[in-house]
Amino acid sequence: MFSVIASAIFDSFGTMFSSTYFVFWIYFPYWIAILTALAVSPLTILLPQFLKGDLSWPNIDDVKDEWIINGKRYNLKPFYDSHPGGSFALRAARGSDCTGLVESYHIFIERDVFMKMIARFEIKDAPPAEPPKVVYSDPFYEDLKKSVREHFKGQPRSAHKMTWLHIGLCVLAWVSMWVLIYLHLVKDQMWAIPFIGLLSWYLTGNVMHDSTHNAFVTTPWVNRLCSHAAFPYGVNVAGWQIQHVLSHHIYTNEEEDVDLYHYEPVMFLDRSSGSWSLSPAFHALRLVYMLSSSIPHLALVVPYGLALHQIDPAHGHRMYDRVKAINSHRAELRWCLIGEALCLFGFYGIVYSYQGLLKGICSQMSIYVISSYLFGFFTQVSHLQEECFVEPKKREELSFAMRQVKSSMDFAADSLFWGHFSGGLNTQALHHCLPGISAMHLRALYPRFREVCRKHNVELKEAPSLGEFVTGFVTFCN
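Presented here is a report on the structure given in the accompanying data block. (Residues numbered from 1 in each chain as written. Predicted model: local features only at pLDDT ≥ 70, side-chain atom pairs only at ≥ 80, totals over all residues. Heavy atoms only, no water.)

## What to know about the state of the cysteines
Next, step 1: Per the counting criterion, the structure on display carries 0 disulfides.
Next, step 2: Its sulfur unpaired, Cys-388 is 12 Å from the next cysteine sulfur, which belongs to Cys-477.
Next, step 3: On the basis of relative accessible area, Cys-388 is assigned to the buried category, the value being 1%. (Disulfide = S-S within 2.5 Å. Buried < 20%, exposed > 50% of the residue type's maximum accessible area, 1.4 Å probe, protein only.)

## Let's talk about the side chain of Asn-206
Next, step 1: In this structure, Asn-206 sits in helix H8 (residues 192–212).
Next, step 2: For Asn-206, the side chain forms a polar contact with the main-chain oxygen of His-420, separated by 3.3 Å.
Next, step 3: For Asn-206, the contacting residues outside a window of four places in its chain are Met-162, Cys-170, Phe-216, His-420, Phe-421, Gly-423 and Met-440. (Helix = DSSP H or I, 4+ residues; strand = E, 2+ residues; numbered from the N terminus. Polar contact = N/O pair within 3.5 Å; in protein donor to acceptor, adjacent residues only side chain to side chain. Contact = heavy atoms within 4.5 Å.)

## A few points about a nonpolar patch on the surface
Next, step 1: A cluster of nonpolar side chains, Leu-43, Leu-47, Phe-50 and Leu-51, forms an exposed patch at the surface whose accessible area comes to about 470 Å².
Next, step 2: Topologically, Phe-50 is positioned in helix H2 (residues 28–51). (Patch = residues over 30% accessible without salt bridge, like charges linked within 9 Å, V, L, I, M, F, W, Y side chains within 5 Å. Areas by Shrake-Rupley, 256 points an atom, 1.4 Å probe, with all protein chains shown as cover. Salt bridge = Lys/Arg side-chain N within 4 Å of Asp/Glu carboxyl O.)

## Some words on the environment of Arg-111
Next, step 1: Inspection of the secondary structure puts Arg-111 in helix H5 (residues 111–117).
Next, step 2: For Arg-111, a relative accessible area of 28% corresponds to the partly exposed category.
Next, step 3: Excluding its chain neighbours within four sequence positions, the residues that come into contact with Arg-111 are Asn-70, Glu-103, Ser-137 and Glu-142.
Next, step 4: For Arg-111, the side chain forms a polar contact with the side chain of Glu-103, separated by 2.7 Å.

## What about the side chain of Glu-256?
Next, step 1: Structurally, the position occupied by Glu-256 is in the loop between helix H10 (237–248) and helix H11 (280–291).
Next, step 2: The residues touching Glu-256, leaving out its near neighbours within four places in the chain, are Ser-247, Tyr-251, Arg-322, Val-323 and Lys-324.

## Some points on the nonpolar core
Next, step 1: Grouped together as the largest cluster of nonpolar side chains are 127 residues, with contacts concentrated most on Trp-31, Tyr-320, Leu-434 and Phe-449.
Next, step 2: Considering each element in turn, this core owes the most residues, 10 residues, to helix H14 (residues 357–380).
Next, step 3: Apart from residues no more than four positions distant in its own chain, Leu-434 is found in contact with Ser-104, Ile-107, Leu-144, Val-148 and Leu-445. (Core = buried A, V, L, I, M, F, W, Y, C linked by side-chain atoms within 4.5 Å.)

## Concerning the packing of helix H12 (residues 294–308) against H14
Next, step 1: Contact geometry for H12 and H14: axes closest at 6 Å, N-to-C directions at 100°. By the angle between their axes, H12 is roughly perpendicular relative to H14. In contact with Ser-294, Ile-295, Pro-296 and Leu-298 of H12, H14 contributes Tyr-368, Ser-371, Ser-372 and Phe-375.
Next, step 2: For the contact of H12 with H14, the per-class residue count stands at 5 nonpolar, 3 polar and no charged. (Axes fitted to C-alpha atoms, helices over the stretch in contact; angles between N-to-C directions. Parallel < 35°, antiparallel > 145°, perpendicular 65-115°, else oblique. Nonpolar A, V, L, I, M, F, W, Y, C, P; charged D, E, K, R; others polar.)

## Things to note about the packing of H8 against H14
Two measures define how a pair of helices packs: the angle their axes make with one another and the distance between the axes.
Next, step 1: Orientation of H8 relative to H14, taken along the N-to-C sense of each, is 40°, at an axis distance of 8 Å. If you check the angle between H8 and H14, you find them oblique. Considering only the axes of H8 and H14, their crossing is right-handed. In contact with Ile-193, Pro-194, Ile-196, Gly-197, Leu-198, Ser-200, Trp-201 and Thr-204 of H8, H14 contributes Ser-363, Ser-366, Ile-367, Ile-370, Ser-371, Leu-374, Phe-375, Phe-378 and Thr-379.
Next, step 2: Here the residues of the contact of H8 with H14 sort into 10 nonpolar, 7 polar and no charged. (Left-handed = near helix turned anticlockwise from the far one by under 90°.)

## Quick word on H8
Next, step 1: With 21 residues, H8 should reach 30 Å at 1.5 Å per residue; the first-to-last C-alpha distance of 28 Å fits that figure.
Next, step 2: Largest kink in H8: about 35°, centred on Thr-204.
Next, step 3: Summarising burial for H8: 18 of the 21 residues are buried, a large majority.
Next, step 4: Asn-214 occupies a position one or two residues after H8 and carries a positive phi of about 55°. (Expected span 1.5 Å × (residues − 1). Bend = angle between axes of the 7 residues up to and from the residue.)

## Considering the pattern of salt bridges
Next, step 1: Applying the stated criterion across every chain yields a total of 20 salt bridges.
Next, step 2: A single salt-bridge network, built from bridges that share partners, covers Asp-65, Lys-77, Arg-91, Arg-94 and Glu-332.

## Points about the packing of aromatic side chains
Next, step 1: The final tally for this structure, using the stated rule, is 32 aromatic pairs.
Next, step 2: Taking 5.5 Å as the distance between ring centres and 65° as the angle between the ring planes, the aromatic pair formed by Trp-57 and Trp-335 counts as edge-to-face. Taken together, the residues span a long stretch of sequence, with Trp-57 in the loop between H2 and strand S1 (67–69) and Trp-335 in helix H13 (residues 326–355) at a distance of 278 residues.
Next, step 3: What makes Trp-335 exposed here is its relative accessible area of 55%.
Next, step 4: Each ring, one from Phe-378 and one from Trp-418, has its centre 6.1 Å from the other, and the planes form 55°; the classification is tilted. Note that Phe-378 is positioned in helix H14 and Trp-418 in helix H17 (residues 416–421), a separation of 40 residues in sequence.
Next, step 5: Relative accessible area serves as the criterion here: at 24%, Trp-418 is assigned to the partly exposed category.
Next, step 6: Put simply, the rings of Trp-201, Trp-240, Phe-375, Phe-377, Phe-378, Phe-411, Phe-417, Trp-418, Phe-421 and Phe-469 pair up and form one aromatic cluster.
Next, step 7: Lying over the aromatic face of Tyr-141, Lys-145 brings its terminal NZ or CZ to 4.3 Å of the ring centre.
Next, step 8: Its guanidinium or amino end placed over the ring of Tyr-261, Arg-322 lies 3.5 Å from that ring's centre, counting from NZ or CZ. (Phe/Tyr/Trp six-rings, centres within 6.5 Å; stacked < 30°, edge-to-face > 60°. Lys NZ or Arg CZ within 6 Å of the ring centre and 35° of its normal.)

Below, the structure written as structure tokens:
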């Protein structure tokens, strides 16, 4: 019996080694650990919590038909069909304070005009909501918005969306990715693996990211469709809406920014949560492993945790429970979360039919490693720098737009290559102030941005070199 088990294990590892590039062999222990933990979690985590009544299925009936904007309550449900950004953007924010979203996305309309326009949706007999704790309209932000309007003045209504040239390049990248997926699965071409990972990042950074900010095109349903452009090697888009649009963009590097908690308790990015410093060698290994699984974490673990909201015994929290309106967001997006996950498992079934279990797992994880590293570098490094965290008392003195600038470090802002390959995420400070502008315009807008920052004495942090940019991130994370 022992010899049979030993032979099976030996054969399994033989299959894994023979079907994977040697550069990925270092990840085998990590892959085995995280996949085993996921596989046994229904018995070790879900069942005990279910028996104790700790699991919760999001109930749409518990979500109030209200949107809080600048301390007032509105019922925007009648506005679903006529909202220029589409109904999904309103649905996702239902039951929450969406002042930050309103102020940062509607830059082509004067603030007073906008507030008068939605006045008819105000719930007059409702008690006043808690007023915003941060100033959203200040001279710095208003000047920046004015400069953007001047930049696009006289151009078509869709001028601030993705340009046709870039859309063409994105379509070419999408077609190329699926051709390579076909060659990899059907023709067993392993050389396609790194290129699939590279293209999946390109589509994540340029198409998915812009689309979830309604910045890709002007038509809402096209943005919704294109937000899945990186499938099957992208993130769960519904989970991303909560994590990125509703949390990270409004509360960057603050307590409600869920990006600070993805790696707990292995790595603490929120200094108030604790610390766990390691020697440089072990910290480097920790980063190598943690960052290599960013995409599967967001594609699989996040929807799993949001759908059932189990308590993670590793750190004692539920998925994204730092977000105040998390149950409202879960309820609104529950079927989107689950539907995307089921589609992903359907693709895994196709992979299994061509490659078998072990080879399929190894090939998919190899692609994920490449796309995850690129994703982690372009989305996290800019914010996770010591200089990008402001003491709470000093932060209270800053307006919303100033906080966005303070919490970001840009690099190579004038570079056409980095601006394109990163999806504009090399200019995070500007992107966070203007999320509704396609990232492809940020390089052209950056000189104006510098001028506005200088005028209002707002410190704009630009890394002097790529090496210092990366070093700052590595040092901060330890």
